[in-house]
Amino acid sequence: SVCTGAYYGDLEVEVRTGNTNGSYYKAYVVDIFESEVVVAFENEWQPRCKVSLADVRLPEYQANGTLKVGDDAEVYSRTKKTEPCGYWSCKIVNQKGEFFVIEYTGLESNKVSEIVELDRLRQPNRNPPIASKSFYKCIIELPDSLRDVCEDMSLHRDLLKACNARMIVGDRYAGTLTMLSQSEDLISRAEMLADIHVRSLPTKVLLKQRAAERHPSPSSDTKAISSGGSVEYQMVDETPMYPFSDDFIVDEDLLGLAIGARGANLGAAKAVRGVLSVELNDSNNTFYVGGETKEAVEQARSILEYIKVVVPIPQAFTGRMIGKGGTKMQEIVDQATVVRGSTELANDTGDVPFVFVGRKKAAEHAKLLLDYHYLLMKVRTWKLNVFLFSSSPFGSWHDSMLAGVCVHMCVCACVCVCLSVCVFVCICVCVCA
């Protein structure tokens, strides 16, 4: 039988089911056997089921910026709106800016093409199917008096972390806690900590009840935490403290980029060595990152933090800054590795906003490149105007006339001075006579 109890963890895999035309879908391993695993699909779009190990692989987080025409890739897509998206094998046949024309491969029907954006593509997942020895499993039996708290995952998260496990599943009907991990340390750690954890559960239940009495409204004193296919609430007073932590807000319209296709960026941030926790508060679009070192937290933040940079450029320079066919704009996008670059309508001051969207560092690099291009454009324009003026016949005639006027004025001034001296001398002679 398949366990339907609550689960908590990030033991994420990609699953190919019998009716998906070779596409892979995000799921979580909740139990493992000799030749099969039990998986829970994201958002429970299919009931939990057993699938063959040959149809399950680990996710692979790779950058998609190196894809080009002729490459094999995987596209995040679906055939019907009623179905979830999965990763389908495809081949890139054409590219225009950040848009790609792809052909699906491996389909039994005729060739199917589609135009997609870069953020829906990724490098092919080369991971082999998992094996039964890929994971380690440990089962902890609870007494009958504690069966009701088997599926309260907030009581078991500390055990998950202490045992270095990736998934914990509670089954109140069987009265068990099942932990899964890719580390062999799970077995030895669970043997040491199981009895301590079971004895501490009644105290944890009592403390949680008292905390709920103090904070009856989850909207003001708790934060929502996504846990597989469910959402549970954790009291703020019980939020674990990490040696280093950071939080930052991402604009709502950029949240999808920050999370990544099917959580790719979240997975990459969690995979950073030294990162202990990455959480997202959907109510205010705030990411919380905790880790063992400051560098690990900063690296995870650099993966998740996406921003929008707006640079105003005078309308007279807009065409040259964009370039013929958008070549200069695309050059900046490629050099800075931002997700996209665009322009908006001119504002009241006559400036045209250039907008770049990408990770914070990349967007700042795009602004730096655009500012530098604009500076060079202004210098070239100034030098061109000076050259045109000095080389024109009107410029030479103007210079000659100006010099002639100056000489004429100097001669007139000298004559006036001499006449004044002569008159003064004559007056003096007459007075003396």
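Structure first, text after, so check above.
Residues numbered from 1 in each chain as written. Predicted model: local features only at pLDDT ≥ 70, side-chain atom pairs only at ≥ 80, totals over all residues. Heavy atoms only, no water.

With that out of the way, let us pick up the overall build of the protein. Scanning the protein from terminus to terminus reveals ten helices and 22 strands. Within the protein, contacts between residues separated by at least 24 positions form 59% of all contacts whose residues are at least 6 apart in sequence. Accessible surface computed for the protein: about 25,100 Å², of which carbon and sulfur atoms make up 57%. (Helix = DSSP H or I, 4+ residues; strand = E, 2+ residues; numbered from the N terminus. Contact = heavy atoms within 4.5 Å. Areas by Shrake-Rupley, 256 points an atom, 1.4 Å probe, with all protein chains shown as cover.)

One open sheet accounts for three strands, arranged β20-β22-β21; its pairing is antiparallel. Looking at strand neighbours, the two that pair on one side only are β20 (306–314) and β21 (340–343), the edges of this open sheet. Along the sheet, successive strands turn relative to each other by an average axial angle of 20 degrees, direction set aside. As judged from the four bridges shared by β21 and strand β22 (residues 351–359), these two strands associate in the antiparallel manner. Considered in β22, the bridge of glycine 341 is made with phenylalanine 356. Here helix α7 (residues 315–322) sits on the sheet and contacts β20, β21 and β22; the angle it forms with β20, its principal contact strand, is near 120 degrees. (Pairing = 2+ DSSP bridges. Axes fitted to C-alpha atoms, helices over the stretch in contact; angles between N-to-C directions.)

Taken together, the four strands give an open sheet; going across it, the order is β1-β13-β14-β12, and neighbouring strands pair in antiparallel fashion. In this open sheet, the two strands that pair with only one neighbour each are β1 (7–9) and β12 (136–141). Averaged over all pairs of adjacent strands, the angle between strand axes in this sheet comes to 15 degrees, irrespective of strand direction. Of the strand pairs in this sheet, strand β13 (residues 167–171) and strand β14 (residues 176–181) are connected by five bridges, and their pairing is antiparallel. Each bridged residue has a counterpart across the sheet, and for methionine 167 the counterpart in β14 is leucine 180.

In total, this model carries seven aromatic pairs according to the counting rule given. Residues tyrosine 7 and tyrosine 28 carry aromatic rings whose centres are separated by 6.1 Å and whose planes lie at 40 degrees to one another, so their mutual orientation is tilted. You can see tyrosine 7 sitting in strand β1 and its partner tyrosine 28 sitting in strand β3 (residues 25–32), a full 21 residues away along the chain. Under the relative-accessibility criterion, tyrosine 7 is labelled buried at 3%. On the basis of an interplanar angle of 85 degrees and a centroid distance of 5.3 Å, the ring pair of phenylalanine 317 and tyrosine 374 is categorised as edge-to-face. Pair noted here: phenylalanine 317 is in helix α7 and tyrosine 374 is in helix α9 (residues 360–391), with a separation of 57 residues, a long-range link. (Phe/Tyr/Trp six-rings, centres within 6.5 Å; stacked < 30°, edge-to-face > 60°. Buried < 20%, exposed > 50% of the residue type's maximum accessible area, 1.4 Å probe, protein only.)

Before going further, it helps to spend a moment on α7. Looking only at α7, the buried set comprises Phe317, Thr318 and Met321. Each buried residue of α7 lies within a common arc of 125 degrees when the element is viewed along its axis, so the set occupies one face. Facing away from the buried surface of α7 by more than 90 degrees, the exposed residues are Ala316 and Gly319. Phi for glycine 323, located one or two positions after α7, is positive at around 85 degrees. (Arc of directions from axis to C-beta.)

Turning our attention to the side chain of arginine 48. Structurally, the position occupied by arginine 48 is in the loop between β4 (36–41) and β5 (49–52). Although arginine 48 lies buried, it forms no salt bridge, and the closest oppositely charged side chain, glutamate 44, sits 4.2 Å away as judged by the N-O distance. If we skip the residues at most four places from it in the chain, arginine 48 touches Val2, Cys3, Thr4, Gly5, Tyr7, Val39 and Ala40. (Lys, Arg positive; Asp, Glu negative; His and termini not counted. Salt bridge = Lys/Arg side-chain N within 4 Å of Asp/Glu carboxyl O.)

Before going further, it helps to spend a moment on the pattern of salt bridges. Counting across every chain of the model gives 19 salt bridges. Between aspartate 195 and arginine 199 there is a salt bridge; the shortest N-O distance is 2.1 Å. On the criterion of helical spacing, the pair formed by aspartate 195 and arginine 199 is a turn pair, its members being four residues apart in helix α2 (residues 185–214). Since its relative accessible area comes to 47%, aspartate 195 is described here as partly exposed. The partner of arginine 301 in a salt bridge is glutamate 305, with the nearest N and O atoms 2.8 Å apart. We classify arginine 301 as partly exposed; its relative accessible area is 21%. When salt bridges that share partners are traced, they join Glu14, Arg57, Glu74 and Arg122 into one network.

Ranked by internal contacts, the top residues of the largest apolar core, which has 35 residues, are Val15, Val37, Val39, Val75, Ile102 and Leu121. No other element matches the six residues that β3 contributes to this core. Residues within four places of valine 75 in sequence aside, it is in contact with Gly86, Tyr87, Trp88, Cys90, Ile102, Tyr104, Val116, Arg120 and Leu121. Core analysis: the next-biggest nonpolar cluster, separate from the first, contains 22 residues, Leu266, Val275, Val278 and Leu280 among them. (Core = buried A, V, L, I, M, F, W, Y, C linked by side-chain atoms within 4.5 Å.)

Here we come to the environment of proline 243. Here proline 243 shows up in the loop between β16 (230–235) and β17 (244–249). Considering only alpha carbons, one finds proline 243 and lysine 294, 51 residues apart in sequence, at a separation of 8.4 Å. Leave out the neighbours within four places in its chain, and proline 243 touches Leu276, Gly291 and Glu292.

A word on helix α6 (residues 294–304). Turning to α6, its buried residues number three or more, namely Ala296, Val297, Ala300, Ile303 and Leu304. The buried side chains of α6 occupy one side of the element, clustering within an arc of 120 degrees when seen end-on.

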